Amino acid sequence: MAAKKLQKNTAKQRPKSTKAPTRAPAKVKKIPSRTANNTNSRTTDAGDLLKFVENLKRQWVSTIDALIDPLMIVGKDYRINKANLAMARMGGLDVKEVSGKLCHEVFAGRKTPCHGCAMTEAIKSGKSSSSTLGAIRGDRFFEVSTQPLIDANGSIDGIVQVYRDRTDAKKMQEQLAQQEKLASIGLLAGGVAHEINNPLGGILIFSQMLLRELDKESPHYQDVVEIEAATQRCKAIVESLLNFARQNPVGKQAKLEEINALEAIRTALRFGKVSVQRGGHVEIKEKFDLSEHPVVADRNRIIQLFLNLIQNAIQAMPDGGTLWVRARSRTEHDGTRTGIYEVEDTGVGIPPEHLKKIFDPFFTTKDPGEGTGLGLALCYSTVQDLGGKMTVESSVNVGAKFIIEIPLAERAATRSAS
């Protein structure tokens, strides 16, 4: 009993432990940093803004590249800052190669600014304007719209130029003008034909009377024959003018018959040699096929066709030269034959800028009173009516060669071959 009492008293006297009881560590709550949030926000805003600018730039480039009209932004020194695909194609360059080049070099292939360019005036005035540039890369015509670019300080930073091809519109305007002229000629030709045919009829009657009275051995007999033929040809010219002004095909009003084209050419040469005798110093050489060249056509129109070419060739050699008249035939793949005729001279030639216009009505390089510009147009119309084609080759101071291709009559060609 005493031992138990001692243990109990000892337990009461043992001091209590001061160690804190073990507990699970509490989770630390993170406090967001205001500096980090601001940095992330600015980074996100800058990224969005950059992406917006890039998309805007891409859309702008795609828009100007989609334009079919050439466009470029040019500095004050005429050097290109930006250009679209249409402008690059015109200069034959990649669009990346255009920047830094001179505008007139890329657009017109020139080493100096284009004549009539409104860019200089736009830089001085600061106002938009438009102008027309002609003879660009051949015979192209462009309407140019010029718009100054103003920077934030109100200064002109460059010029935007848009080029619109107006070549086709210009040609349509010219065609309308030609149609108005042809309409006027149609009205005039009716009255002129009536007035001219009366004296021509008198000349024809008297020449035929002389032929009946003159002996065929008379030295003047052949002269009167030529007078009668020339009178008939004058009447044919008036009829050709009427047909051309009315744009009537040869088969509707002309007198069609099967003729040998070579005989018509020889007749034209006889008249042409008269001009040579007056002018002199021109040698005429001929090279013809041995076979016939049957053509269903109006004989007078065929004679007039080659006579115009021969006379033009003689006039193109004021200091003399050689005139070649050639005729040959070609057999096509389908067995038909084509007559090929050449009238070539060694004269002054035709400048390159005139080659595309020489068949246009009223186009002439002759002085006023020396030509109307209808001769070659009538020739071209006659060849087209016959289903053929007419081309020209020329070099200045070397000469010119007119080439005519006309389908030959099949039935007569077959008959001639047999």
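Everything in this summary refers to the structure shown in the same document. (Residues numbered from 1 in each chain as written. Predicted model: local features only at pLDDT ≥ 70, side-chain atom pairs only at ≥ 80, totals over all residues. Heavy atoms only, no water.)

Quick look at the overall build of the chain now. Secondary structure assignment for the chain yields 14 helices and twelve strands. A burial count over the chain gives 34% of its 418 residues as buried. If you take every contact in the chain between residues at least 6 apart in sequence, the share linking residues at least 24 apart comes to 58%. Entry remark: accessible area of the chain is about 27300 Å², with carbon and sulfur atoms responsible for 53%. (Helix = DSSP H or I, 4+ residues; strand = E, 2+ residues; numbered from the N terminus. Buried < 20%, exposed > 50% of the residue type's maximum accessible area, 1.4 Å probe, protein only. Contact = heavy atoms within 4.5 Å. Areas by Shrake-Rupley, 256 points an atom, 1.4 Å probe, with all protein chains shown as cover.)

Let us now look at the nonpolar core. Phe 306, Leu 309, Leu 323, Tyr 341, Met 390, Phe 402 and Ile 404 are the most contacted members of the largest nonpolar core, which has 42 residues in total. The dominant element in this core, judged by the number of residues it contributes, is helix H11 (residues 299-315), at nine residues. Those residues within four positions of Phe 402 in sequence are excluded, and the remaining contacts are Leu 309, Tyr 341, Glu 342, Val 343, Ile 350, Ile 358, Phe 359, Leu 376, Met 390, Thr 391 and Val 392. In this structure, Ala 83, Ala 122, Ile 156 and Ile 159 belong to the second largest nonpolar core, which totals 21 residues. (Core = buried A, V, L, I, M, F, W, Y, C linked by side-chain atoms within 4.5 Å.)

Below, the discussion takes up the packing of aromatic side chains. Taken as a whole and assessed by the stated rule, the structure comprises five aromatic pairs. The rings of Phe 107, Phe 142 and Tyr 163 are connected pair by pair, giving a single aromatic cluster. Here the guanidinium or amino end of Lys 170 rests over the ring plane of Phe 141, the centre of that ring lying 4.4 Å away. (Phe/Tyr/Trp six-rings, centres within 6.5 Å; stacked < 30°, edge-to-face > 60°. Lys NZ or Arg CZ within 6 Å of the ring centre and 35° of its normal.)

This part covers the pairing of strand S5 (residues 156-165). A regular strand carries its side chains on alternate faces of the sheet. Taken together, the four bridges between strand S1 (residues 71-74) and S5 define a ladder with antiparallel strand orientation. By the bridge assignment for S5, Leu 71 is matched with Val 162. Across nine bridges, the pairing between strand S4 (residues 140-150) and S5 is antiparallel. Along S5, the bridge assignment pairs Val 144 with Tyr 163. Turn length for the S4-S5 hairpin, with the two strands adjacent in sequence and antiparallel, is five residues, and the turn residue Gly 154 shows positive phi of about 85 degrees. (Pairing = 2+ DSSP bridges.)

Next up on the list: a nonpolar patch on the surface. Taken together, the side chains of Leu 49, Phe 52, Val 53 and Leu 56 make up a nonpolar region of the molecular surface, amounting to roughly 400 Å² of accessible area. When its relative accessible area of 51% is taken as the criterion, Phe 52 is described as exposed. (Patch = residues over 30% accessible without salt bridge, like charges linked within 9 Å, V, L, I, M, F, W, Y side chains within 5 Å. Salt bridge = Lys/Arg side-chain N within 4 Å of Asp/Glu carboxyl O.)

Our focus in this paragraph is the packing of H11 against helix H13 (residues 375-385). Two elements in contact, H11 and H13, have axes separated by 9 Å at closest approach and are oriented at 140 degrees. Taken as axis vectors, H11 and H13 run oblique relative to one another. Remark: the crossing between H11 and H13 carries left-handed chirality. Contacts from Arg 301, Leu 305, Asn 308, Leu 309 and Asn 312 in H11 reach Gly 375, Leu 376, Cys 379, Ser 381, Thr 382, Val 383 and Asp 385 in H13. Each residue belonging to the contact of H11 with H13 can be placed in one class, and the counts come to five nonpolar, five polar and two charged. (Axes fitted to C-alpha atoms, helices over the stretch in contact; angles between N-to-C directions. Parallel < 35°, antiparallel > 145°, perpendicular 65-115°, else oblique. Left-handed = near helix turned anticlockwise from the far one by under 90°. Nonpolar A, V, L, I, M, F, W, Y, C, P; charged D, E, K, R; others polar.)

This next bit is on the side chain of His 293. In this fold, His 293 is placed in the loop between strand S7 (282-287) and strand S8 (294-297). On the basis of relative accessibility, which here comes to 0%, the residue His 293 falls in the buried class. Within polar-contact distance, the side chain of His 293 engages the side chain of Asp 289 at 3.1 Å. In this structure, His 293 is in contact with Ile 259, Asn 260, Ala 261, Leu 262, Ala 327, Arg 328, Ser 329, Arg 337, Gly 339, Tyr 341 and Leu 408, ignoring residues within four places of it in sequence. (Polar contact = N/O pair within 3.5 Å; in protein donor to acceptor, adjacent residues only side chain to side chain.)

Here the focus is unusual backbone geometry. Here the phi dihedral of Tyr 78 falls at roughly 70 degrees; this positive angle occurs in a residue that is not glycine. Topologically, Tyr 78 is positioned in the loop between S1 and strand S2 (80-83). With phi around 65 degrees, Asn 397 is a residue other than glycine that occupies positive phi space. The residue Asn 397 is located in the loop between strand S11 (389-395) and strand S12 (399-407) in this model.

So, about the sheet that holds S5. Spatial strand order, S2-S1-S5-S4-S3: five strands in an open sheet with antiparallel pairing. The two strands at the open ends of the sheet, each matched to only one other strand, are S2 and strand S3 (129-136). Neighbour to neighbour, the strand axes of the sheet diverge by 25 degrees on average, direction disregarded. Here three bridges tie S1 to S2, and the two strands are oriented antiparallel to one another. Directly across from Met 72, in S2, lies its bridge partner Ala 83.

Reading across the sheet, the five strands line up as S7-S9-S10-S12-S11 and stay open at both edges, with mixed pairing between neighbours. Edge positions in the sheet fall to S7 and S11, since each has one partner strand and no second. This sheet shows a mean twist of 15 degrees between the axes of neighbouring strands, independent of strand direction. Note that S11 and S12 share seven bridges and pair antiparallel. Each residue of the ladder has a partner; that of Met 390, found in S12, is Ile 404. Strands strand S9 (321-331), strand S10 (337-345), S11 and S12 of the sheet are contacted by H11, whose axis makes an angle of about 25 degrees with S10. Running over the sheet, H13 touches S11 and S12 and is turned about 140 degrees from S11.

To continue, consider the pairing of S9. For S7 and S9, the ladder comprises six bridges, and the chain directions are parallel. Looking across to S9, one finds that Lys 285 is bridged to Trp 324. Of the pairings in the sheet, the one linking S9 to S10 comprises nine bridges and is antiparallel in character. Across the sheet, the residue bridging to Arg 328 is Ile 340, located in S10. Where S9 folds back on S10, the antiparallel hairpin that results is connected by five residues, among which Gly 335 adopts a positive phi of roughly 95 degrees.

As a further point, take the environment of Gln 222. Turning to its location among the elements, Gln 222 is positioned in helix H8 (residues 221-246). Its relative accessible area of 45% is what places Gln 222 among the partly exposed residues. Along the chain, Gln 222 and Leu 211 lie eleven residues apart, while their C-alpha atoms are 9.0 Å from each other.

Fair warning: the whole summary comes from geometry, so function is off the table for now.
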